[in-house]
Amino acid sequence: SSTRSVNFTMASPPGQLFAGVEGGATKTTLVLLSSKGEVLGQATGQATNHWLVGIPTVCERLHKLVVDAKLDAKLAADAKISAMGMSLSGADQPKAKAAILKAFSDSYPDDAEHRFLCTDTYGAIAAASPVGGIVMICGTGSNCTLVNSDGSSVNCGGWGHMMGDEASAYDIAHIALKHVFDHQDKFKTPPAATTFLQQQMQEYFEVSNLKDMLPHLYDKFDKTFFAGFAQRVVQGCGEGDALSLAVLHEAGRRIGQHLSTVAPHADAGLGSPVKVVCEGSVWKSWVYLKPGYLEAVQDQTLPNLRFVRLKVTAAWGAAALGAKDAGLELELDYESHVYDLLDVED
C-alpha cells in the first residue's frame with residue numbers, strides 16, 4: 001500500500017505533455033505544458049549555448065531541466081513528454097543542430113518521444129504568433145530575423161561586436177565612448193558636448209583619463225560590462241544630455257536599417273500587421289530610439305508592423321514548434337503572450 005500511496009502523490013498528466021526550452025548564453029528555462037497550453041511545471045538552469053559549454057554539457061543540462069520540471073509538476077519521473085522543442089542560442093548551423101539532437105537522444109532516450117531544435121530567434125517569434133513574424137533582438141548584442149509562414153527566413157545581423165551588433169547595448173556604449181575619444185583626440189567633432197558622457201565614463205570604468213581605458217579595451221575587455229555603459233547613456237537621455245540623445249537616435253536609425261532589410265520579404269501568410277517581437281533591454285528606451293527609427297524608415301516601403309514585447313519566454317514558442325514538428329496539437333492563446341511596445345518600460 002505504501003507503493004500505491006507514492007503513485008497517488010504524482011498527478012497524472014492531462015492528455016499529452018509538451019516541453020519548451022529557451023537556452024541562452026547565461027541561463028536556460030524549460031516550461032512543461034498540457035495540450036491545452038496550461039503550465040504544469042517549470043525549471044531554470046545553466047547556459048546551453050554549445051559554443052560556450054560543449055555538446056555533452058548541453059545534453060546533461062537539458063536532461064536535468066526535464067527531471068526538475070517533472071518534479072515541479074509533481075509528475076512521475078517516467079511521465080512521457082510527447083514533444084520537446086528547444087530554442088537554443090548558437091544552434092543555427094545544421095551540422096551542430098544534428099549533433100546536439102543525436103547526442104541528446106542517445107544519452108537520454110526517454111526524455112521525449114519527439115525532439116525539435118532551432119535557434120533562439122525562432123522560439124521568440126513562435127511565442128508571439130503561430131504563423132511567423134520578425135524578431136529584433138537588441139540586448140548585449142543584436143540580431144534580426146524574419147520567419148515567413150512557409151518557414152523560409154531572412155536574417156540581418158547577429159555577427160557579434162567585431163562585425164556588427166548594431167543597435168545593441170554594446171553598440172550604444174561604443175558609439176558614445178567613441179565620441180568622447182574622438183573629441184579628446186580632435187579627430188572628429190561630436191554632434192554635441194561630451195561633458196556628461198566623459199564624466200560617466202570616468203565613473204563607470206573608474207578611470208581618470210583615456211589611457212586608463214586601455215585595459216578595458218584590451219586584456220580586461222568584458223563585452224557584457226562594456227555594454228553596461230549603455231545604461232549611463234540612457235540616463236543622459238533622461239537628463240536631457242544632447243549627445244546621449246544623439247547616440248540613441250543613431251541606435252534607433254540602426255533598428256530601422258535592420259527592419260528595412262528583412263520586412264519587405266514578409267509573405268502574405270503573415271497577415272497584417274506583421275508582428276515584430278522586440279527582445280532585449282535596449283527596447284525599454286524606445287521613446288529615445290523611435291525618432292531615429294522613424295527617420296530611417298520614412299522613405300522605405302514596409303508592410304504594416306506591430307511592435308510587441310513578450311510576457312512569456314521563448315520557451316513557449318519552442319514548445320509550439322516542437323508540437324508542430326511532431327504533427328501534434330498544442331493550444332496556445334498567442335495574444336495573451338504579448339503586449340504592445342511601450343515608449344518607456346520600467
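This write-up is about the structure you can find in this document. (Residues numbered from 1 in each chain as written. Predicted model: local features only at pLDDT ≥ 70, side-chain atom pairs only at ≥ 80, totals over all residues. Heavy atoms only, no water.)

## Brief notes about the sheet that holds strand β3 (residues 39-46)
And then number 1: One open sheet holds the five strands; their spatial order is β3-β2-β1-β4-β5, and the pairing between them is mixed. The sheet terminates laterally at β3 and β5 (115-119), the two strands that pair on one side only. The mean angle between the axes of side-by-side strands here comes to 15°, regardless of whether they run parallel or antiparallel.
And then number 2: Helix α4 (residues 94-107) contacts β4 (83-88) and β5 of the sheet and is inclined by roughly 145° relative to β5.
And then number 3: Helix α13 (residues 314-326) rests against β1 (17-23), β2 (27-34), β3, β4 and β5 of the sheet, and its axis sits at about 130° to β1. (Pairing = 2+ DSSP bridges. Helix = DSSP H or I, 4+ residues; strand = E, 2+ residues; numbered from the N terminus. Axes fitted to C-alpha atoms, helices over the stretch in contact; angles between N-to-C directions. Contact = heavy atoms within 4.5 Å.)

## Points about the packing of aromatic side chains
And then number 1: Here the structure, examined in full by the defined rule, presents 15 aromatic pairs.
And then number 2: Ring centres 5.8 Å apart and planes at 55° place the aromatic pair Phe221 and Phe226 in the tilted group.
And then number 3: The exposure class of Phe226 is buried, given its relative accessible area of 4%.
And then number 4: Every member of this aromatic cluster is reached through a ring pair, and the members are Tyr170, Tyr204, Phe205, Phe221, Phe225, Phe226 and Phe229.
And then number 5: Here the guanidinium or amino end of Arg115 rests over the ring plane of Phe104, the centre of that ring lying 4.6 Å away. (Phe/Tyr/Trp six-rings, centres within 6.5 Å; stacked < 30°, edge-to-face > 60°. Buried < 20%, exposed > 50% of the residue type's maximum accessible area, 1.4 Å probe, protein only. Lys NZ or Arg CZ within 6 Å of the ring centre and 35° of its normal.)

## Details of unusual backbone geometry
And then number 1: The omega torsion of the bond from Ser272 to Pro273 falls at 0°, within 30 degrees of zero and hence cis.
And then number 2: Looking at where Pro273 falls in the secondary structure, it is placed in the loop between α11 (242-262) and β9 (274-279).
And then number 3: Of note in this structure, Ala167 is not a glycine but carries a positive phi near 75°.
And then number 4: By secondary structure assignment, the location of Ala167 is in the loop between β8 (153-157) and α6 (169-185).
And then number 5: Exposure remark for Ala167: the relative accessible area of 0% places this residue in the buried category.
And then number 6: Phi is positive for Lys186, which is not a glycine, with a value near 55°.
And then number 7: By secondary structure assignment, the location of Lys186 is in the loop between α6 and α7 (195-204).
And then number 8: A relative accessible area of 75% places Lys186 in the exposed class.

## Quick word on the sheet that holds strand β11 (residues 338-340)
And then number 1: The sheet built from six strands is open, its strands ordered β8-β7-β6-β9-β10-β11 with mixed pairing. Unpaired on one side and paired on the other, β8 and β11 mark the two borders of the sheet. Taking the axes of each pair of neighbouring strands and ignoring which way they run, one obtains an average angle of 25° across the sheet.
And then number 2: Of the strand pairs in this sheet, strand β6 (residues 133-138) and strand β7 (residues 142-147) are connected by six bridges, and their pairing is antiparallel. Residue pairing across strands places Gly133 opposite Val147, the latter belonging to β7.
And then number 3: Of the strands in this sheet, β6, β7, β8, β9, β10 (305-310) and β11 touch helix α5 (residues 120-128), which is tilted by about 125° from β6.
And then number 4: Packing of α11 onto the sheet brings it into contact with β6, β7, β8, β9 and β10, and relative to β8 it is tilted by some 155°.

## A word on the environment of Arg253
And then number 1: In this fold, Arg253 is placed in helix α11.
And then number 2: Taking relative accessible area as the criterion, Arg253 reaches 26% and is therefore assigned partly exposed.
And then number 3: C-alpha of Arg253 to C-alpha of Lys290: the two residues are 37 residues apart in sequence and 8.2 Å apart in space.

## Details of the pattern of salt bridges
And then number 1: Tallied over the full model, the rule gives twelve salt bridges.
And then number 2: Notably, a salt bridge pairs Lys36 with Glu331, separated by 3.3 Å at the nearest N-O pair. Here Glu331 lies in the loop between α13 and β11 and Lys36 lies in the loop between β2 and β3, a separation of 295 residues in the sequence.
And then number 3: The exposure class of Lys36 is exposed, given its relative accessible area of 55%.
And then number 4: According to the relative accessible area criterion, Glu331 is partly exposed, its value standing at 39%.
And then number 5: Several salt bridges converge on common partners, so that one network encompasses Asp171, Glu250, Arg253 and Arg254. (Salt bridge = Lys/Arg side-chain N within 4 Å of Asp/Glu carboxyl O.)

## What to know about α4
Each α-helix winds once per 3.6 residues, and so residues spaced three or four apart point in a common direction.
And then number 1: Here α4 is 14 residues long and its end C-alpha atoms lie 20 Å apart, about the 20 Å a rise of 1.5 Å per residue gives.
And then number 2: Burial in α4 covers these residues: Ala96, Ile100 and Phe104. Seen from one end, α4 has its buried residues packed into an arc of 60°, which puts them on one side. Opposite the packed face of α4, turned more than 90 degrees from it, sit the exposed residues Pro94, Lys95, Lys102 and Asp106.
And then number 3: Tucked into the core, α4 has its buried residues touching α2 (50-53), α3 (55-72), β4 and β5. (Expected span 1.5 Å × (residues − 1). Arc of directions from axis to C-beta.)

## As for the packing of α3 against α4
And then number 1: Their axes nearest at 9 Å, the elements α3 and α4 cross at an angle of 55°. Our classification of the angle between α3 and α4 gives oblique. Considering how the two elements wind past one another, α3 and α4 form a crossing that is right-handed. Every residue of α4 that contacts α3 at Ile55, Val58, Cys59, Leu62 and His63 is listed here: Ala99, Ile100, Ala103 and Phe104.
And then number 2: Class assignment for the residues of the contact of α3 with α4 results in eight nonpolar, one polar and no charged. (Parallel < 35°, antiparallel > 145°, perpendicular 65-115°, else oblique. Left-handed = near helix turned anticlockwise from the far one by under 90°. Nonpolar A, V, L, I, M, F, W, Y, C, P; charged D, E, K, R; others polar.)

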